[in-house]
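# A structural walkthrough
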Amino acid sequence: MKNLFNALVIVLFAVLGLTLIWVILELQPPTHVHLSKQVLTQLDASGVTHPVTAVLLNFRGYDTLLEVMVLLLALLGVLAQIGKREQRNLSAWFRLSQPYLQVLLWLVRMIVPLMVLVAGYLLWVGGHQPGGAFQAGAVLAAAGVLLNLSGVLPSWAEPAWNLRTGLVFGLLVFLLVAAAVMVVASPGLLLQYPPASAGMLILLIEMGLTLSLGLILAGLFLFLSGDAIEDEAEK
Amino acid sequence: MSSALIYACTGAALFVFGVTGLILLSHLLRKILAFNIMGSGIFLVLVGLGQRSGTPDPIPQAMVLTGIVVAVAATGLALALVRRLLHFTGEIRLPEEP
Amino acid sequence: MSNLVLDLLLVIALLWSALRSLMTPNLFHAVVLFIVFGLLMAIVWVRLHAPDIALAEAAIGAGLSGALLLDTVGYLHKKQRESLS
């Protein structure tokens, strides 16, 4: 019975897949919507010269604003799952007495400053070349994970007030800029930056987002891995 | 057939792999893997179909960029839930239907 | 022509790693294959002229997701050892 059901599901989805591929091959390009052309013609008003950054933080800035909220919600979900516990300094995974771990430690101490530098570069270069807040935040988060895995940075237990501020900092900057622009520059329009200062405002938002995205994405790992250590400590 | 179109078709195949795995596999970690593969397939369809004429299209690219970041957050949340389930019940699979 | 060959090889590797990561019996192998899948996706994004996504995918899809999944696999194995002993 179970095998029959499995075979039926596989056959059904094989048919679905072939149909999807057929549709993709048959589909004609839309003739009356030219979004990418619109992006390129409006690019001068966006304050940046890289089209993807222009879409992300200017033309569809509203999406990005809500996305940061989604990320915060996901982190809150993780925090709710790992439960409440008292603040204490969680011990690192590794004992750093073995000589080969010294090599790891040395390597991490060489690489992490470089990663922070790369994140800063990606943030700055996002205005005119591939790069931006998301990539920079991801690199920062990866640096955090690396520090945790090599035993330098302990896993996080309960977020203290400074960590909480860091987590929402990007969203706060984004909201403040949105509110300020709505009141001062273009009343009644959300995230309609004035073209003259758009580049500066986007860079400001991106700086906040880089910090917060880095902390949120690193937090996903650091809170979860801290949970396992805590679990062990209970016994 | 342009290379964008090849990747769009691959995306459709990956979506089907992912959604089949999501239904058939009972191990929750595999379900998360299948969910991620499904998402990657959708991203490929979005970008591949958007630039089948050959010129890069920034709009689907920006959408997929946000999508990837949301996907990893969803994965983290799903893993937290799985670990909680494991902690309480010792089970890593969903119970069989009666 | 060489582009087409590269595309087809990438597609085959992508589909193979996805399928194997869902089918292989060993969970650790599955996660490692998923990380391979993420890295292949990063190359695909470069082929699709989307360097922004390639950067994000390499750091997130392969790096962060992989770390999260591997950490959970380790936790799972530890739990299983505990329940056996």
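Per chain, residues are indexed from 1 in the order of the written sequence. Both sets of labels track the order of writing: A upward for chains, 1 upward for ligands. Confidence filtering applies because this is a predicted model: local features only for residues at pLDDT of at least 70, side-chain atom pairs given and counted only at 80 or more, and all residues used for totals across whole chains, interfaces and linings. Side-chain numbers here rest on the full set of heavy atoms in the structure, without hydrogens or water.

The contact rule is simple, with two residues in contact once any of their heavy atoms fall within 4.5 Å. Across the boundary between the two partners, chain C contributes 41 residues, which contact 37 residues of chain B. Buried area is calculated as the accessible area (1.4 Å probe) missing from two parts once they are joined, with the contributions of both summed. Buried surface at the junction of chain C and chain B, summed over both partners, amounts to about 3,500 Å²; 77% is from carbon and sulfur atoms. Summed over the three residues of chain C that lose the most area to chain B, namely C:L22, C:L48 and C:Y75, the buried surface amounts to 18% of that side. Basic side-chain nitrogens of Lys or Arg form a salt bridge, by our definition, when they fall within 4 Å of a carboxyl oxygen of Asp or Glu. Applying the counting rule to chain C against chain B returns one salt bridge. As a salt-bridge pair, C:D71 and B:R83 come within 3.2 Å of each other at their nearest N and O atoms. Contacts described as polar in this section are N or O atom pairs within 3.5 Å, which, within protein, must combine one atom able to donate a hydrogen with one able to accept it, while residues neighboring in sequence count only if both atoms come from side chains. Seen at the junction of chain C and chain B, the total is nine residue pairs in polar contact (both at pLDDT 80 or more). When residues of the side of chain C that touches chain B are traced back to their parent elements, those giving at least two are α1 (2–23), α2 (27–47) and α3 (51–84) of chain C. In DSSP terms, a helix is any run of H or I states spanning at least four residues, a strand is any run of E spanning at least two, and both are numbered starting from the N terminus. With 15 residues, α3(C) is the largest single contributor of residues to the side of chain C that touches chain B.

Unusually for a residue other than glycine, C:H49 sits at a positive phi of about 60°. Take C:H49: it is sitting in the loop between α2 and α3.

So, about the nonpolar core. Among buried residues, those of type Ala, Val, Leu, Ile, Met, Phe, Trp, Tyr and Cys that are joined through side-chain atoms within 4.5 Å constitute a nonpolar core. Partly exposed describes any residue whose relative accessible area lies between the buried limit of under 20% and the exposed limit of over 50%, with all areas from a 1.4 Å probe on protein chains only and scaled to the type maximum. Formed by 103 residues in total, the largest nonpolar core has its most connected members in A:Y193, B:L44 and C:W45. In terms of residue count, the dominant contributor to this core is helix α8 (residues 198–234) of chain A (14 residues). When neighbours within four sequence positions are excluded, B:L44 is seen to be in contact with B:Y7, B:A8, B:G11, B:L14, B:L49, C:L14, C:M41, C:V44, C:W45 and C:L48. In this structure, A:V108, A:L122, A:L123 and A:A143 belong to the second largest nonpolar core, which totals nine residues.

This paragraph deals with the packing of α1(C) against α2(C). Packed helix pairs are characterised by how far apart their axes lie and by the angle those axes make with each other. Residue and element names in this part refer to chain C. Two elements in contact, α1 and α2, have axes whose closest approach is 9 Å; the angle formed by their N-to-C orientations is 155°. By the angle between their axes, α1 is roughly antiparallel relative to α2. As α1 runs across α2, the sense of the crossing is left-handed. Across from N3, L6, D7, L10, A13, L14, W16, S17, A18, R20 and S21 in α1, the residues of α2 making contact are A30, L33, F34, F37, L40, M41, I43, V44 and R47. Under the convention adopted here, Pro, Cys and the residues Ala, Val, Leu, Ile, Met, Phe, Trp and Tyr are nonpolar, Asp, Glu, Lys and Arg are charged, and Gly plus all remaining residues are polar. The residue makeup of the contact of α1 with α2, split by class, is 14 nonpolar, three polar and three charged. Each axis is a line fitted through C-alpha atoms, taken for helices only over the stretch in contact, and angles between the N-to-C directions span 0 to 180 degrees. Any angle that falls under 35 degrees is termed roughly parallel, while one over 145 is termed roughly antiparallel, one within 65 to 115 roughly perpendicular, and all others oblique. Left-handed describes a crossing whose near helix is turned anticlockwise from the far helix through less than a right angle; right-handed describes the clockwise counterpart.

Residue and element names in this part refer to chain A. Only Phe, Tyr and Trp rings are paired, with Trp represented by its six-membered ring, and only when their centres lie within 6.5 Å; those with planes under 30 degrees apart are stacked, over 60 edge-to-face, the remainder tilted. Using the criterion set out here, one finds three aromatic pairs over all chains in the structure. On the numbers, 5.5 Å between centres and 70° between planes, the contact of W156 with F223 is edge-to-face. Placement of the pair is W156 in the loop between α6 (133–149) and α7 (161–184) and F223 in helix α8, with a sequence separation of 67 residues. Both residues of the pair, W156 and F223, count as buried.

Another point: the packing of helix α1 (residues 2–26) of chain A against helix α1 (residues 3–24) of chain B. Where α1(A) contacts α1(B), the two axes come as close as 9 Å, and the packing angle between them is 160°. The pairing of α1(A) with α1(B) is recorded here as roughly antiparallel in orientation. Between α1(A) and α1(B) lies a crossing whose hand is right-handed. Between α1(A), through A:F5, A:N6, A:V9, A:I10, A:F13, A:L16, A:G17, A:L20, A:I21, A:I24 and A:L25, and α1(B), the contact on the second element is made entirely by B:L5, B:A8, B:C9, B:A12, B:F15, B:V16, B:V19, B:T20, B:I23 and B:L24. Looking at the contact of α1(A) with α1(B) residue by residue, the class counts come to 18 nonpolar, three polar and no charged.

Residues and elements named next belong to chain A. On the surface, Y62, L66, M69, L175, M182, V183, V184 and L190 cluster together into a nonpolar patch covering about 730 Å² of accessible area. Elements that contribute at least two residues to the nonpolar patch include exactly α4 (61–82) and α7. A per-element tally of the nonpolar patch places α7 first, with four residues. Its location among the elements puts V183 in helix α7. Residue classification places V183 among the exposed positions, given a relative accessible area of 65%. Patches here are clusters of residues that have more than 30% relative accessible area and form no salt bridge, with a 9 Å joining cutoff for like charges and a 5 Å cutoff for nonpolar side chains (Val, Leu, Ile, Met, Phe, Trp, Tyr). Using the Shrake-Rupley algorithm and a 1.4 Å probe, accessible areas are obtained, with residue cover drawn only from the displayed protein chains.

In this section: the pattern of salt bridges. Residues and elements named next belong to chain A. Summed over all chains, the structure comprises three salt bridges over all chains. Between D63 and R60 there is a salt bridge whose closest N-O contact spans 3.2 Å. The class for R60 is partly exposed, based on a relative accessible area of 46%.

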